[in-house]
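One-letter residues, chain by chain:
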Amino acid sequence: MDILLAVKAIIMGLVEGFTEFLPISSTGHLILAGSLLNFTGEKVKVFEIAIQAGAMLAVIWEYRERIARVLAGLFTERRQQKFVANLVVAFLPAAMLGLAFANAIQAELFKPVPVALAFIIGGLVILWVERKPKGVPKGLPHASRIETVDEMTVLDALKIGCAQAFALIPGTSRSGATIIGGMLFGLSRKAATEFSFFLAIPTLLGATVYSVYKERALLSIADLPMFGLGGLSAFISAFLCVRWLLRYISSHDFTIFAWYRIVFGIIVLVTAHYDLVHWAE
């Protein structure tokens, strides 16, 4: 692997890790970053999905104690069984729709302009959800009926799973769909964020395994260093991002991410329209 390819792989991994768990769309940023770096093609699409496993491992490491308790009590504790059941229910909508429409989505929507439009629309949705409800004093968070992930019902999990399915549209943001969707359905910001983290484990693992297996003919042993560098840099940056986000949400809302999405989306559309930047497809 040459130095330039290694640098591109590391940059893409950093982009993945720093954006996977923020409501700004890692897939959208990877598509745009790959376009700017001239790092495109069918193999790169597999790479972009595979390095999500690095980000997933960061969540596993951050919540290793909770995950260990879940595994230890999976067959004996009702609380852990309920938690796993909620994850399975929330995982299924996106998994089933992804299997049905993955090829069409990749062919038509994995392009800079559709991604930019999704950025803007997603930003407007976040602004709408984050508006201060009547009756909630200034400076206090939204009123919510669910403060922790253990209070969630199967119906709550299904609703969040349906929200996550919208993230099949690149630029929407998986974490954004689950966090903002969870808040819309009554979860506190902290509970919605943590459930989004946990839901990332089966979602990203499933996407990685499915994509690598499906496109295995494109890959060879020579690709391992590129995938390894991308996955490692995604792990490190995602770990830092998760730690930061947990502190951030204790005293902030997601409005800044909404405006970032809108401004970034407009910049992409303007530069594409006036051919100021050549956004490769």
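See above for the structure.
Cut-offs and rules
Residues numbered from 1 in each chain as written. Predicted model: local features only at pLDDT ≥ 70, side-chain atom pairs only at ≥ 80, totals over all residues. Heavy atoms only, no water. 1 Å grid on protein atoms, 1.4 Å probe; cavity = no way out; pocket = protein on both sides within 12 Å on 5 of 7 lines; lining within 4 Å. Points joined across faces, edges and corners; volume = space filled by probe spheres on them. Helix = DSSP H or I, 4+ residues; strand = E, 2+ residues; numbered from the N terminus. Nonpolar A, V, L, I, M, F, W, Y, C, P; charged D, E, K, R; others polar. Polar contact = N/O pair within 3.5 Å; in protein donor to acceptor, adjacent residues only side chain to side chain. Salt bridge = Lys/Arg side-chain N within 4 Å of Asp/Glu carboxyl O. Buried < 20%, exposed > 50% of the residue type's maximum accessible area, 1.4 Å probe, protein only. Core = buried A, V, L, I, M, F, W, Y, C linked by side-chain atoms within 4.5 Å. Contact = heavy atoms within 4.5 Å. Expected span 1.5 Å × (residues − 1). Phe/Tyr/Trp six-rings, centres within 6.5 Å; stacked < 30°, edge-to-face > 60°. Lys NZ or Arg CZ within 6 Å of the ring centre and 35° of its normal.

A. Seen up close, the layout of surface pockets. The computed volume of the largest pocket comes to approximately 840 Å³. Lining the largest pocket we find 38 residues, and of these Ile49, Gln52, Gly98, Leu168 and Ala207 sit closest to its centre. Secondary structure elements with two or more residues in the lining of the largest pocket: helix 2 (26-36), helix 3 (42-50), helix 6 (78-109) and helix 10 (189-214). The element best represented in the lining of the largest pocket is helix 6, accounting for nine residues. Tallied by class, the residues present in the lining of the largest pocket amount to 17 nonpolar, 14 polar and seven charged.

B. Local environment of the environment of histidine 252. Of note, histidine 252 is situated in the loop between helix 11 (224-248) and helix 12 (255-273). In the structure, histidine 252 is positioned 191 residues away from tryptophan 61 in sequence and 25 Å away in space, judged by C-alpha atoms. Within the structure, the side chain of histidine 252 is placed 3.0 Å from the side chain of serine 251, a separation counted as a polar contact.

C. Region of the structure containing the pattern of salt bridges. On inspection of all chains with the given rule, the structure shows nine salt bridges. The residue lysine 45 makes a salt bridge to glutamate 42 at a minimum N-O spacing of 3.6 Å. Placement of the pair is lysine 45 and glutamate 42 together in helix 3, with a separation of three residues, close to one helical turn. What makes glutamate 42 partly exposed here is its relative accessible area of 46%. The shortest N-O distance in the salt bridge between aspartate 223 and lysine 43 comes to 3.2 Å. On the criterion of sequence distance, the pair formed by aspartate 223 in the loop between helix 10 and helix 11 and lysine 43 in helix 3 is long-range, its members being 180 residues apart. For lysine 43, a relative accessible area of 31% gives the class partly exposed. Connected via shared salt-bridge partners are Arg66, Arg79 and Asp150.

D. Inspection of the nonpolar core at higher detail. Residues Phe21, Met152, Phe195 and Phe254 are the most contacted members of the largest nonpolar core, which totals 43 residues. With nine residues, helix 10 is the single largest residue contributor to this core. Contacts of phenylalanine 21, omitting those with residues within four sequence positions, involve Ala55, Val59, Arg174, Ser175, Ile179, Phe197, Ala200, Ala238, Val242 and Leu245. Core analysis: the second largest hydrophobic core is formed by 13 residues, Ala9, Ala33, Val44 and Phe47 among them.

E. Molecular detail of helix 8 (residues 154-165). Under the 1.5 Å per step criterion, the end-to-end length of helix 8 is 17 Å for twelve residues, consistent within 8% with the ideal 16 Å. Restricting attention to buried positions, one finds in helix 8 the residues Asp156, Ala157, Ile160, Gly161, Ala163, Gln164 and Ala165.

F. Examining helix 4 (residues 52-62) more closely. Of all the eleven residues making up helix 4, eight are buried; the element is thus mostly covered by neighbouring parts of the structure. What helix 4 keeps buried is the set Gln52, Ala53, Gly54, Ala55, Met56, Ala58, Val59 and Glu62. Looking at the buried positions of helix 4, the neighbouring elements they touch are helix 1 (3-19), helix 2, helix 3, helix 5 (64-72), helix 10 and helix 11.

G. Just unusual backbone geometry, in detail. Residue serine 25 is not a glycine yet carries a positive backbone phi of 75 degrees. Position of serine 25 among the secondary structure elements: in the loop between helix 1 and helix 2. What makes serine 25 buried here is its relative accessible area of 1%. Even without glycine at this site, asparagine 38 takes up a positive phi of about 55 degrees. By the element assignment, asparagine 38 lies in the loop between helix 2 and helix 3. Among the residues examined, asparagine 38 registers a relative accessible area of 59% and is labelled exposed.

H. Layout of the packing of aromatic side chains. Overall, the coordinates contain twelve aromatic pairs when judged by the stated rule. Relative to phenylalanine 257, the ring of tyrosine 248 has its centre 5.7 Å away and its plane inclined at 65 degrees; by these criteria the two rings are edge-to-face. Residue classification places tyrosine 248 among the buried residues on the basis of a relative accessible area of 13%. Here the basic side chain of arginine 216 rests over the ring of tyrosine 213, its NZ or CZ set 4.1 Å away from the ring centre. One Lys or Arg, arginine 261, reaches over the ring of phenylalanine 119 and ends 5.4 Å from the middle of that ring.

The values are spatial; any link to function lies outside them.
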